[in-house]
Amino acid sequence: MNKKINKVAVLGSGIMGSRIACHFANIGVEVLLLDIASKELLPEETAKGLTADHPAVKNRIVNAALQNAIKTNPSPVYTKEVVNRIATGNFEDDMPKIAGVDWIIEVVVENLDIKKKVFKQVEQFRKAGTLVTSNTSGIPIHLMAEGRSEDFKACFCGTHFFNPPRYLRLLEIIPTPDTKPEIVDFLLFYGDKFLGKTTVLCKDTPAFIANRVGVYAIMALLHLVEKLDLTVEEVDKFTGPALGRPKSATFRTSDVVGLDTMIKVAKGLYDNVPNDKAHDLFQLPGYVVKMEENKWLGDKTKQGFYKKIKTAEGKTEILALDLKTLEYRPQEKVKSATLDLTKSIENVKDRMKVFAAGKDKAAEVFRSSSFGLFEYVSDRIPEISDELYRIDDAMRAGFGWDLGPFEIWDAVGITESLEGMKKYGHEAAGWVHDMLAAGHTSFYKVEDGIKKYYDIPSKSYQSLPGADEFIILDNIRGNKTIWKNSGASIIDLGDGILNVEFHSKMNTIGGDTLQAINKAIDLAEKDYRGLVIGNDGANFSAGANVGMIFMMAVEQDWDELNMAVRAFQNTSMRIRYSSIPVVVAPHNLALGGGCEFSLHADHVQLNAETYMGLVEFGVGLIPGGGGSKEFALRASDEYKADQIVQNVLKDRFLTVAMAKVSTSAAEAFELGYLQKDKYAISINRSRLIADAKAKAIELADAGYTQPVRRKDIRVLGKQGLGIVYAGANTMFSGHYISEHDKKISEKLGYVMCGGDLSSPTEVTEQYLLDLEREVFLSLCGERKTLERIQSIVTKGKPLRN
């Protein structure tokens, strides 16, 4: 479908509407945000002499909603400037403007009559062919389009965003029988490519896919609490990161989202799925009913399953709710042999068998909840979806699970789990038994780097749709790895492009990582065309391995530490000055050394949600892998004849000295971590490696040539140092920074100004790298620095003298 979305109208500016508007603005789309008009003047408006017809009065609701959204943390916008793309108005005066938009999204209150009234008004002004969708989370989609024109119905669909829309990746697409197939295909594509979503095609059934399965899983746990005598802390410990779930797990998530939200969906399912085998599970347990009556709904009411208080000493303490007495008490530490066994297992899939075979309460919770979940999702096909992978996609993207239900089942073992399911009173759907009888023993398999799912109607394995547009390293690592060590692997992406994948904890950078990058460049320069540095981990890189630095510094092994820092600098410079293009592909955390690699890349292809920064100041150091040098170089490139050059230096200096971390890829550019025309943003993280590979090919095809090392970096010497020292002294005198922070600031300034040169001078990169390394080593010898590093590495153990 050849359609472009240049402008959207969002009807309804509540929590979801305002944030959906912000996310469209994030990706560069012009937005018209409308809501009901205010009818009465406020006292302050009367005092200003405004009338009821004044736009400031009539648009008060929508304007206040948008401002409230912008103030929330985490922010719904990539940068503050994004908001300039959003125009506000009201249904009375501004509905005619929807004639000029490409997509109309309704996000008004969850009431069918109100929604139908809005759509009737929409049809008066909407031009033929314009997309119209509803963000409802529960009202049947087909009912909303009743009474509308044929063209309206053909272009109408459900689009269920999850809150917050910027951060949660799920977008459920729910067509009606009248929706044109090309409209559905377009929404699936647009949501993926431009909104960065995992788009999931759903049937028009109660709660669609994610909430149907997710709320079942939550309700099953709520009832399990009483059966297994579980505490709030135990449930959250057993159903959190160890299981591949968010840190907020079950009850903390409920507090954040709001218990009333979960109750509303559960009650809706209880009323609307009477024939569901698990129908009774959607009835609220007694303690949840009591919490609802008490309005203990979570963060929005200041208490839920947890409650934050101030102690007599003024300290903050978070209490847990005793689910038997419904009284708050201090949290209790949870111990579990099964959880202890999973700590050393990095791969989430490999932990599933440990949970399934465990003997303690954590394992019992896993078996009781998972066996029921397996039955539930197998029974939901074909009711809510014809394809099993859509259920997994929805749960990963909507609820933050690392593994979807069928992926968990595969990890446990389908055949092995069937007997256990029977013991717990559960039975897999007939199609699962038919699949096994036909010799198919898993729901997924990988063939030639392509992930395939078991297709129930055809009783065969089919490639996941769009698999050829993504590069998933998990799928190709087995037969495409050409070299590896303990910290990284080199993978052949095809078409002459290699990839370096980190796989240390938090993808921290140590000697093995540096070795892999240099090895990859050696191989690429000899037999390939380009290199990508990227991975599928939770974070691109949390930075250098500070534990290694700490041990060398404590042992005062200065020669070894000097070699290590030099190796890091040389690797950064190798990234910049190799004879092949190097594309770095960061996502989520790209801190310290991960940021420094990005600073030196030929191109940075980063995910929209990249939090990039040089954070070494936090541990009492300066960037030592080329970052300090690079910011001096970039300041030099920004000096202009008509500028006060000290101001340019100050801006670059403060970014490092304040350890500023971007809150988005767009802000990383504003902070100077990215350079114009040398970066691009992949909104959908799943496309990141493929996009980076495409850029490496583009650079190679354009006749990439090896850059020449810089010898023309202008540094200010004493002229700049005077400003740095004066600023640091002022901050120290005002008690804004410590004496040690003052010393670090002065040393960073020393590097960025090229030392105490008598006048502005042009220097080489190597000159600045030598200064950077000298200062880095001197700070490693400072006790205050070691104490800061110690607090991270040794977790409170005494520092040796």
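Refer to the preceding data block for the structure.
This is a predicted model, so every value here is computed, not measured.

1. Structural notes on helix α13 (residues 259-272)
Piece 1. For α13, built from 14 residues, the straight-helix expectation of 20 Å at 1.5 Å per residue is met to within 8% by its first-to-last C-alpha distance of 20 Å.
Piece 2. Those residues of α13 lying buried are Leu 259, Met 262, Ile 263, Val 265, Ala 266 and Leu 269. Taken down its axis, α13 places every buried residue within 165° of arc, on the same side. Relative to its buried face, α13 has exposed residues pointing more than 90 degrees away, namely Lys 264, Asp 271 and Asn 272.

2. Focus: the packing of helix α27 (residues 627-638) against helix α28 (residues 645-657)
Piece 1. The contact between α27 and α28 brings their axes to 9 Å, and the two run at 155°. Compared by their axis directions, α27 and α28 come out roughly antiparallel. As α27 packs across α28, the resulting crossing turns out to be right-handed. Between α27 and α28, the contacting residues are Phe 631, Ala 635 and Glu 638 on the first element and Val 648, Arg 652, Thr 655 and Val 656 on the second.
Piece 2. Counted by class, the contact of α27 with α28 contains 4 nonpolar, 1 polar and 2 charged residues.

3. A look at the pairing of strand β16 (residues 488-494)
Piece 1. Within β16, 6 of the 7 residues are buried, which leaves the element mostly enclosed by the surrounding structure.
Piece 2. Counting the residues in the hairpin turn of strand β15 (residues 481-484) and β16 gives 3 residues.
Piece 3. Looking at chain direction, β16 and strand β17 (residues 497-502) are connected through 6 bridges and run antiparallel. The residue bridging Ile 491 from the neighbouring strand is Asn 499, located in β17.
Piece 4. Connecting β16 to the next strand, β17, in antiparallel fashion are 2 residues, including Asp 495 with a positive phi near 60°.

4. As for helix α6 (residues 112-125)
Piece 1. Its 14 residues place the ends of α6 21 Å apart at the C-alpha level, agreeing with the 20 Å of an ideal helix rising 1.5 Å per residue.
Piece 2. Among the residues making up α6, those that are buried are Lys 115, Val 118, Phe 119 and Val 122. Seen from one end, α6 has its buried residues packed into an arc of 100°, which puts them on one side. Projecting away from the buried face of α6 at angles above 90 degrees are the exposed residues Asp 113, Lys 117, Lys 120 and Gln 124.
Piece 3. Residues of α6 that are buried in the fold lie against β1 (7-11), β4 (103-106), β5 (131-134), α7 (141-144), α8 (150-154) and β6 (156-161).

Basis of the calculations
- Numbers given to residues run from 1 along each chain, matching the order in which its sequence is written.
- Local features in this predicted model are restricted to residues whose pLDDT is 70 or higher, and side-chain atom pairs enter the listing and the counts only when it is 80 or higher, whereas totals over whole chains, interfaces and linings include all residues.
- Heavy atoms from the whole structure form the basis of all side-chain values; hydrogens and water molecules are not counted.
- A run of H or I in DSSP becomes a helix once it reaches four residues, and a run of E becomes a strand once it reaches two; helices and strands are each numbered from the N terminus.
- A helix is expected to reach a length of 1.5 Å times the quantity of its residues less one.
- Only protein chains enter the accessibility calculation, which uses a 1.4 Å probe. A residue is then buried if its area is under 20% of the maximum for its type, exposed if over 50%, and partly exposed in between.
- What the arc measures is the spread of directions leading from the helix axis to the C-beta atoms.
- A fitted line through C-alpha atoms represents every axis, and for helices the fit uses only the stretch in contact; the resulting angles, taken between N-to-C directions, go from 0 to 180 degrees.
- Any angle that falls under 35 degrees is termed roughly parallel, while one over 145 is termed roughly antiparallel, one within 65 to 115 roughly perpendicular, and all others oblique.
- With the far helix as reference, a near helix turned anticlockwise by less than a right angle produces a left-handed crossing, and one turned clockwise produces a right-handed crossing.
- It only takes one pair of heavy atoms within 4.5 Å for two residues to be counted as in contact.
- Note that Gly is not counted as nonpolar here; it falls among the polar residues with everything else outside the nonpolar set of Ala, Val, Leu, Ile, Met, Phe, Trp, Tyr, Cys and Pro and the charged set of Asp, Glu, Lys and Arg.
- Strands were regarded as paired on the criterion that DSSP finds at least two bridges between them.

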